[in-house]
Structure formats: C-alpha cells, structure tokens
Amino acid sequence: MISVLDAFIATLSPMLVMFSCIVIGFVLNKRKALPDNTSTVLSKLENSVLVPSLIINTFMSYCTVASLKQQYKMMLYCVIAAIVAIALAYLLSGFFEKEEYKKNIYRYALAIGNFGFMGNAIVPAILGQEFLYDYLLFTLPLNIAVYTWGITILIPKTGEKKSPIQNLCNPFMLATLLGIFLGLTNADSYMPSFFHTTVSNLSACMGPVAMVLTGFVIGDYDVVGLLKNKKVYVATFLRLIVLPVFFIGFLMILGADPKTLTLALFAFGTPLGLNTVVFPAAYGGDTSTGASMAMISHTLCIITIPLLYVILTSII
C-alpha cells in the first residue's frame, strides 16, 4: 500500500513541473528574452487555440450520452458551490477593501480560482487523463460564471462591457459544444487520424504554455513590491486552504461522492488566477493586487494542493 509520504511526493511532482514553467516565464521576462507583447500573444494562443484543442480532444474521446446522464448530478453540485462561492466572496471582500472596484478584484479572486489553466493541467497529471473529462464537466458552471458575472465585475466602469450572451460566445464555449457533438457522434471512428493527432498535440501544450504565461505576467512587476501586500496573504490563505476545505465539507454534507469531492478540491483549491491582472490591464485598471495574488498563491499552491489531496484521499 502506498504511504502518505509517497502519495504526497507523487502529487508534488507535477506541481513542481508547473512551477518550473512559471519560473521559466518569469526569467524570460526579466532577461527581456522575448518581446514585451509576449503575454498578450500567449494569452490569445491559450484562449483561442490550446484550451479549445484540449476541450475538443477530451470531449471527443470521452463524451457519450451515458456519461452525460451520469454526470449531471456532479455538475449540479458545482452550480450550488459556485453560487455559495460568489455569495461568500461578496461577504468577505468588504474586509479587504472599501473602494468598490478593488472589492471586485477580491470578490473574483475569492470566488474563482485558476481552475482552468492550472486545474486543466494538474488534474490529468495527478488523477489521469480520463478524469479531465469529468473535471471539465464539473467546472463548466464555473466557466459560465467567469464569462457572465466574472468578466462584468473585473471591467472598470469606464470600460466597454458586453452582454452575458455576447461574453458566452467565446472559443471555450464553442469548443465545448463542438467537443460534445464530436463525442456524441463517435467522431473517433470516422475523423481522419491527423485531426485527432493535431488536437491531441496542441492540447498537450496547454499546461506548460499557461504556466510560462503566468510567470511572464508576474515578471512585469517588482517581486519585492508584490510581497509587501499583507492582505494578499490573507486572501491566499482563504483561497488555498479555508475555501477548499469549506467546500469539500459543504459538498460532503450534501452527499457528494468521493470523485466529486476530489474534483471540487482542484476546482476550488487552485491559486488566484490571471484574470485579475488581464482584464484590469486591458482597461487601465490597477493590476498590482492581481499580480501579487498570482505570484504568492501560485508559489504556495505547490505545497497546499498536494497536502490537501493527500488528506482528502485518506478520509474518503
């Protein structure tokens, strides 16, 4: 039987791989080895090509009518958890800031972690490729929350805002619909092999490129300055420890099965994401808080995620 220490080390290994990619992106930025617009280019590459490829490849391989019928309850758990997460974020944000827009930065950060870039990378690495399909279905309500509520509060009042329907017409959602269609129609049996190989190879790039992007974005800032924001440490503690423990306990009370609880850990225990940097930057808002959140939480999560995962697997 595998020991707790062996399980922790096995879980820590893929986290260190992700962190190494963050360091590479950080160093590349600090050494000016890549153009200044690299973060913009990588972000567009991730959101327009690599993440959609990951989604299409996964749904095409695993999506069936039977699996969708089996997983609807799991998605319902995430809907409930997402609503509670947003409500808690509004309650807690007032303890961090008084100015409304800065409150929104904390609201988003406390409600929504980096369940996409980070979660999509570490779930197959830790649990296995077949679990990525379940994770994508589980986090679909969170993605809808990001593109409706999340984007709306992160864009400053002076910025141009689209309707929720317009925000939902994005590469992620379109790739999800296409992936479900290809899966339900058993595309693997009639699509040319080069198509499957192409989306498979592109999807394999998603995690490393996302983490290089994270490091590159953080590299735009003074590290010492980012470390001085004491409130971010509190937010990070909530994001990486308190909230995932709360939601696992909450879903346990609701009767969630062990697989749902494990997926919830990765969905709600991931670090503070880059949207709190990307969207304010696009509209001239303050980005220092978001950058501080990203750097501190992505560093500490290499320990907290394996630790919580080992504890969870020992009790369920």
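The preceding data block contains the structure.
All values derive from a computational prediction rather than experimental measurement. (Residues numbered from 1 in each chain as written. Predicted model: local features only at pLDDT ≥ 70, side-chain atom pairs only at ≥ 80, totals over all residues. Heavy atoms only, no water.)

Novice: Give a description of the packing of aromatic side chains that names residues and reports values.
Specialist: Scanning the entire structure with this criterion turns up 10 aromatic pairs. With 6.1 Å between their ring centres and 50° between their planes, Tyr90 and Trp149 make a pair best called tilted. Of the two residues, Tyr90 sits in helix 3 (residues 65-93) while Trp149 sits in helix 7 (residues 140-154), which places them 59 residues apart along the sequence. A relative accessible area of 16% means that Trp149 is categorised as buried. Ring geometry for Phe96 and Tyr106: centres 4.6 Å apart, planes at 15°, overall stacked. One end of the pair, Phe96, is in the loop between helix 3 and helix 4 (100-111); the other, Tyr106, is in helix 4, with 10 residues separating them in the sequence. (Phe/Tyr/Trp six-rings, centres within 6.5 Å; stacked < 30°, edge-to-face > 60°. Helix = DSSP H or I, 4+ residues; strand = E, 2+ residues; numbered from the N terminus. Buried < 20%, exposed > 50% of the residue type's maximum accessible area, 1.4 Å probe, protein only.)

Novice: Now, about the nonpolar core: what can you tell me, with residues and values included?
Specialist: One finds Phe266 and Phe268 to be the most contacted residues of the largest nonpolar core, which totals 101 residues. Broken down by element, this core gets its largest block of residues, 11 residues, from helix 16 (residues 288-315). In this structure, Phe266 is in contact with Ile122, Val123, Ile126, Leu127, Tyr135, Ile305 and Tyr309, ignoring residues within four places of it in sequence. (Core = buried A, V, L, I, M, F, W, Y, C linked by side-chain atoms within 4.5 Å. Contact = heavy atoms within 4.5 Å.)

Novice: Can you break down the side chain of Asn29 residue by residue, with the values?
Specialist: By secondary structure assignment, the location of Asn29 is in helix 1 (residues 4-30). Beyond its immediate sequence surroundings of up to four residues, Asn29 is in contact with Phe216, Gly219 and Asp220.

Novice: Outline unusual backbone geometry, listing residues and values.
Specialist: Positive phi, normally seen in glycine, also occurs at Lys32, with a value near 55°. Position of Lys32 relative to the elements: it lies in the loop between helix 1 and helix 2 (38-62). Exposure remark for Lys32: the relative accessible area of 59% places this residue in the exposed category. With phi around 55°, Asn186 is a residue other than glycine that occupies positive phi space. Overall, Asn186 belongs to the partly exposed group, its relative accessible area being 45%.

Novice: An account of a nonpolar patch on the surface is requested, with residue identities and associated values reported.
Specialist: Nonpolar side chains collect at one region of the surface, where Met252, Ile303, Leu307, Ile311, Ile315 and Ile316 lie side by side and expose about 510 Å² of accessible area between them. Locating Ile315 in the fold gives a position in helix 16. (Patch = residues over 30% accessible without salt bridge, like charges linked within 9 Å, V, L, I, M, F, W, Y side chains within 5 Å. Areas by Shrake-Rupley, 256 points an atom, 1.4 Å probe, with all protein chains shown as cover. Salt bridge = Lys/Arg side-chain N within 4 Å of Asp/Glu carboxyl O.)

Novice: Explain the packing of helix 3 against helix 6 (residues 130-138) to me, and be specific about the residues and the numbers.
Specialist: Relative orientation of the contacting elements helix 3 and helix 6 amounts to 50°, with a least axis distance of 8 Å. By the criterion of interaxial angle, the relationship of helix 3 to helix 6 is oblique. Classified by chirality, the crossing of helix 6 by helix 3 is right-handed. In contact with Ser67, Leu68, Gln71, Met74, Met75 and Cys78 of helix 3, helix 6 contributes Tyr133, Asp134, Leu137 and Phe138. Taken together, the residues that form the contact of helix 3 with helix 6 break down as seven nonpolar, two polar and one charged. (Axes fitted to C-alpha atoms, helices over the stretch in contact; angles between N-to-C directions. Parallel < 35°, antiparallel > 145°, perpendicular 65-115°, else oblique. Left-handed = near helix turned anticlockwise from the far one by under 90°. Nonpolar A, V, L, I, M, F, W, Y, C, P; charged D, E, K, R; others polar.)

Novice: Before we move on, can you summarise the pattern of salt bridges with the specific residues and values?
Specialist: Two side chains that carry opposite charge are able to pair once their charged atoms sit near each other. For the structure on display, the rule yields three salt bridges. In this structure, Lys231 engages Glu97 in a salt bridge whose closest nitrogen and oxygen atoms are separated by 2.8 Å. Of the two residues, Lys231 is situated in helix 13 (residues 230-254) and Glu97 in the loop between helix 3 and helix 4; the sequence distance between them amounts to 134 residues. When the shortest N-O distance is used, the salt bridge between Glu100 and Arg107 registers 2.7 Å. Overall, the relative accessible area of 39% leaves Glu100 in the partly exposed class. Overall, the relative accessible area of 7% leaves Arg107 in the buried class.

Novice: For the environment of Asn37, give the residues involved together with the corresponding values.
Specialist: Here Asn37 lies in the loop between helix 1 and helix 2. The spacing of Asn37 and Tyr90 is 53 residues in sequence and 34 Å in space, taken between C-alpha atoms.

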